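Each chain, letter by letter, is given below.
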Amino acid sequence: LLLVLSGLIHIIAILTTPFFAQKKVWQHITSSMPEKEITAFFNYKDIKDLLGQADPAMVYGVCWFSLNQGPVTLVAEGPTRFWNVTIYNDDAEAIYSLHNEVSESNLLNLEIRKAGSKQEEPEPSLISSLPLINGIPTPSSRPLSKAEEETLLEDDQKIRTRVKGDNAFAVLKIFRSSPPYQKLIQEAFEEAECR
């Protein structure tokens, strides 16, 4: 009886360990970082301890958020030749990923919405009668400033995705090609937004 009971406990422990390990990543992230704020990790050991695995050639930034409060936008400029962003759910499963090749300007501008949410884009019929600036419908009764035009152009390059689940976290990786890029990467993470 003791051997059978020990065997059952051992099997249950083996089967439940991955589940608790995945939840541990989410719990550690939410307890150690503010919501909708990118936290940069320049030390390889720190990010490896957080995620369980990491590439020493990359600098990492992590941001967590709830999609119940509406869409979230990640905006960052990649100062080196390669960047990647991966969205994970609260079980630490990768649910979406993209890299620098999707953007013409090396700019990350990603909008994340909850799949099946009621916050849909405006109907094309509602915006078809608006004046166009660089092919972008723009409600305006006055000429736009240069900053407003740049914002519209930036919005035109926005990548939109829908993911399942209520909570998620994003991991942004920027390639650290050489020590001189360290300052540029640091500035990129300081200017990056998760809103």
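Residues numbered from 1 in each chain as written. Predicted model: local features only at pLDDT ≥ 70, side-chain atom pairs only at ≥ 80, totals over all residues. Heavy atoms only, no water.

**Re a negative patch on the surface**
Together, Glu77, Glu187, Glu190 and Glu191 make up a region of like negative charge exposed at the surface. No other element matches the three residues that helix α5 (residues 181–191) contributes to the negative patch. The topology assignment puts glutamate 187 in helix α5. For glutamate 187, a relative accessible area of 32% gives the class partly exposed. (Patch = residues over 30% accessible without salt bridge, like charges linked within 9 Å, V, L, I, M, F, W, Y side chains within 5 Å. Areas by Shrake-Rupley, 256 points an atom, 1.4 Å probe, with all protein chains shown as cover. Salt bridge = Lys/Arg side-chain N within 4 Å of Asp/Glu carboxyl O. Lys, Arg positive; Asp, Glu negative; His and termini not counted. Charge placed at Lys NZ, Arg CZ, Asp CG, Glu CD. Helix = DSSP H or I, 4+ residues; strand = E, 2+ residues; numbered from the N terminus. Buried < 20%, exposed > 50% of the residue type's maximum accessible area, 1.4 Å probe, protein only.)

**Describing unusual backbone geometry**
One non-glycine residue, lysine 36, lies in positive phi territory at about 55°. As for its position among the elements, lysine 36 is in the loop between α1 (2–32) and β1 (39–41). Residue alanine 92 is not a glycine yet carries a positive backbone phi of 65°. The topology assignment puts alanine 92 in the loop between β4 (83–89) and β5 (94–99). On the basis of relative accessibility, which here comes to 24%, the residue alanine 92 falls in the partly exposed class.

**Describing the packing of aromatic side chains**
To describe a pair of aromatic rings, you give the distance between the ring centres and the angle between the ring planes. Counted according to the given criterion, the structure contains four aromatic pairs. Taking the centre distance of 5.7 Å and the plane angle of 85° together, the rings of tryptophan 26 and tryptophan 64 count as edge-to-face. Highlighted residues: tryptophan 26 in helix α1 and tryptophan 64 in strand β2 (residues 58–66), separated in sequence by 38 residues. Residue class for tryptophan 64 comes out buried when judged on its relative accessible area of 13%. Following the ring pairs from residue to residue traces out a cluster consisting of Trp26, Trp64, Tyr88 and Phe169. (Phe/Tyr/Trp six-rings, centres within 6.5 Å; stacked < 30°, edge-to-face > 60°.)

**Here's the deal with the sheet that holds strand β6 (residues 107–114)**
What the four strands build is an open sheet, ordered β9-β6-β3-β11; its pairing is mixed. The two strands at the open ends of the sheet, each matched to only one other strand, are β9 (159–163) and β11 (193–194). As judged from the six bridges shared by strand β3 (residues 72–77) and β6, these two strands associate in the antiparallel manner. Its bridge partner lying in β6, alanine 76 is registered against leucine 108. (Pairing = 2+ DSSP bridges.)

**Details of the confidence of the model for the protein chain**
Scored by pLDDT, the protein chain comes out at a mean of 80, with 76% of its residues at no less than 70. Throughout residues 122–142 the model reports pLDDT below 50, and contacts reaching past four residues in sequence, or to other chains, amount to 20 contacts. (pLDDT = per-residue confidence, 0-100. Contact = heavy atoms within 4.5 Å.)

**Description of the nonpolar core**
By size, the foremost hydrophobic cluster in this structure holds 25 residues, and its most contacted members are Phe65, Leu74, Val85, Leu108, Leu110, Ile112 and Leu172. Of all the secondary-structure elements, those providing two or more residues to this core are β2, β3, β4, β6, β10 (167–175) and α5. Here this core takes four residues from β10, the largest share from any one element. Setting aside residues no more than four positions away along its own chain, leucine 108 makes contact with Leu74, Val75, Ala76, Trp83, Val85, Leu98 and Leu172. Membership of the second largest hydrophobic core comes to 13 residues, among which are Ile47, Tyr60, Val62 and Phe169. (Core = buried A, V, L, I, M, F, W, Y, C linked by side-chain atoms within 4.5 Å.)

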